[in-house]
Amino acid sequence: MKQDLNLELEDELFEHYRFEAGKGQSPLRVDKFLMNLIENATRNRIQKAAENGNIYINDVAVKSNAKVKANDIVKVLMEQPPFENIIIPEDIPLDIVYEDDQLLVVNKPAGLVVHPGHGNYTGTLVNALAFHFDNLPLNSSERPGLVHRIDKDTSGLLVCAKTEFAMTYLAKQFEEKTSEREYIAIVWGNVEEDEGTVESYIGRHQKDRMQMAAYDSEEYGKWAVTHYKVLERLGYVTIVSCKLETGRTHQIRVHMKSIGHTLFNDERYGGDLILKGTTFTKYKQFIDNCFKTLPRQALHAKTLGFEHPITKEFLRFNTELPEDMVSLIEKWRVYAKSHTEYED
C-alpha cells in the first residue's frame, strides 16, 4: 500500500539519492530507472530498498515495479544519514597555487575525486580541505569550500572559498558566466577548422544514464557553449584549447564528441578505442602504449580567472600540463614526424 511521505517520516529519514526524470522520459520501472543512475547498484539491492519503503516517487513510497514518468522526482530515503554527508578530515596534500583569507586556488591531480559520493566516501578534495582548513562555508549542496568542480580524471585548477561572502561572490560569477575557464584537450581526429563554437543543450543520455549528451531541444537539457581553438595537429589526434562559456557536466567531453572528436582515452564516451588510424599491428601497439602513458581522458583545466571578492581585481591563474599529458603529446609528435599519410 502506498504511503504519503509525511513530516514525521521526513524527520526520521535521510535523502541518499534524488533524481529528476527528464521531459522525454518514457514510462520505466523505478528499479530499472535507479539501476541506470546509481553506480554499482544491483536490482536485488534496489528491490530490497523498495520493500523497506525507502523509494519514493513524488514523495510517495512505491514498490519496485512502479513506473517513473516525465518530470517525476525519484528519491531513495533511509534511516541513517548518507555517509557522503559526513566529512572525515584527511591529511591529503594540496597543491595550492594561491591563497589569501578569502579563497584558495588548487591544482587538482587526475584521479582525485572532488567531493564524497557513492563509492568515494573518503580520499577526496573535500576531505583534504576539511583537514587543512577550519569552518569552510558550505555551497548549495552543503559541500565545504567548493565553488565548482571538475571530473575525477580531469586535472587542473579549482577555486575554493574560505568565507561565506567569497562563496556567494564567486558562485555568482560562475552562474553569470563572468569567470574564465580554459582547458587543454587531446582529441581523436584532425580538427579541420582552426577554431569554432559548439552550442547545444546538454542533458542526461536517454539510454546510458552514466553519460551526458548534446541535444537540439531545451526539453532534454541545459544550454551549453564551448569555444575551441586548434593548438597543434598531430595526424590522428589534435590538441585543442576549449574555453567554457557555460559549465555543464561533462561539457567539453560531450561537445567534442558531438562534432566527431571524442577526447583521447575517454573511457565513458568511447575514446579508449582506436577511433582514427591504421589497422597495422604496430599502430595498435603504439596506441596501447599511449593509453598506458595517459590512463584517463586527455583533459586539463589550464586557466582559471575570476574577480576577487574583496579587492575586485581580476585574477588569472595558469598551470602547466601534467606529466602524463606532456608525455603523450611527445609520443604523438614523434609518431607524426615519421608518418605523413593520415586518414580523414
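Quick summary incoming for the structure in this document. Note that the structure is predicted; figures quoted are calculated from it, not measured.

What counts and how
- Residues numbered from 1 in each chain as written.
- Predicted model: local features only at pLDDT ≥ 70, side-chain atom pairs only at ≥ 80, totals over all residues.
- Heavy atoms only, no water.
- Helix = DSSP H or I, 4+ residues; strand = E, 2+ residues; numbered from the N terminus.
- Rg over C-alpha atoms; globule rule 2.2 N^0.38 Å.
- Buried < 20%, exposed > 50% of the residue type's maximum accessible area, 1.4 Å probe, protein only.
- Contact = heavy atoms within 4.5 Å.
- Areas by Shrake-Rupley, 256 points an atom, 1.4 Å probe, with all protein chains shown as cover.
- Phe/Tyr/Trp six-rings, centres within 6.5 Å; stacked < 30°, edge-to-face > 60°.
- Arc of directions from axis to C-beta.
- Core = buried A, V, L, I, M, F, W, Y, C linked by side-chain atoms within 4.5 Å.

**As for the overall build of the protein chain**
And step 1. Helices and strands together make up the secondary structure of the protein chain, namely 8 helices and 17 strands.
And step 2. Its C-alpha atoms give the protein chain a radius of gyration of 22 Å, within 12% of the compact-globule value 20 Å for 344 residues.
And step 3. Overall, the C-alpha framework of the protein chain stretches about 70 × 50 × 35 Å when taken along its three principal axes.
And step 4. Evaluated residue by residue, the protein chain yields a buried proportion of 47% over its 344 residues.
And step 5. Here the analysis covers contacts within the protein chain between residues at least 6 apart in sequence; of these, 68% occur between residues at least 24 apart.
And step 6. Of the roughly 17,900 Å² that the protein chain leaves accessible, carbon and sulfur atoms contribute 46%.

**Re the packing of aromatic side chains**
And step 1. Summed over all chains, the structure comprises 16 aromatic pairs.
And step 2. Aromatic side chains phenylalanine 19 and phenylalanine 33 sit 6.5 Å apart centroid to centroid with 80 degrees between the ring planes, which places their arrangement in the edge-to-face category. Residue phenylalanine 19 is located in strand β2 (residues 14-20), and its partner phenylalanine 33 is located in helix α2 (residues 30-37); the two are separated by 14 residues in the primary sequence.
And step 3. Owing to a relative accessible area of 18%, phenylalanine 19 belongs among the buried residues under this scheme.
And step 4. Consider the rings of tryptophan 188 and phenylalanine 264, whose centres lie 5.0 Å apart with planes at 40 degrees: the pair is tilted. Taken together, the residues tryptophan 188 in strand β11 (residues 180-188) and phenylalanine 264 in the loop between α6 (251-258) and α7 (281-293) connect sequence positions 76 residues apart. Assigned by exposure class, tryptophan 188 and phenylalanine 264 land together as buried.
And step 5. An aromatic cluster of three or more residues is present, and its members are Trp188, Tyr236, Phe264, Tyr283, Phe286, Phe291, Trp332 and Tyr335.

**A few points about α2**
And step 1. Among the residues making up α2, those that are buried are Val30, Asp31, Phe33, Leu34 and Leu37. Burial along α2 is one-sided: seen end-on, the buried residues are contained in an arc of 160 degrees.

**Digging into the nonpolar core**
And step 1. Core analysis: the largest hydrophobic core is formed by 31 residues, its most contacted members being Leu125, Leu129, Val240 and Ile252.
And step 2. Counting residues per element, the ones that place at least two in this core are β9 (103-108), α4 (125-132), β10 (155-161), β11, β14 (222-233), β15 (237-244), α6 and β16 (299-307).
And step 3. Sorting elements by how many residues they give to this core places α4 first, with 4 residues.
And step 4. The residues touching leucine 125, leaving out its near neighbours within four places in the chain, are Leu94, Val106, Leu112, Val113, Val114, Leu146 and Leu158.
And step 5. Residues Phe264, Tyr283, Ile287 and Leu294 belong to the second largest nonpolar core, which totals 21 residues.

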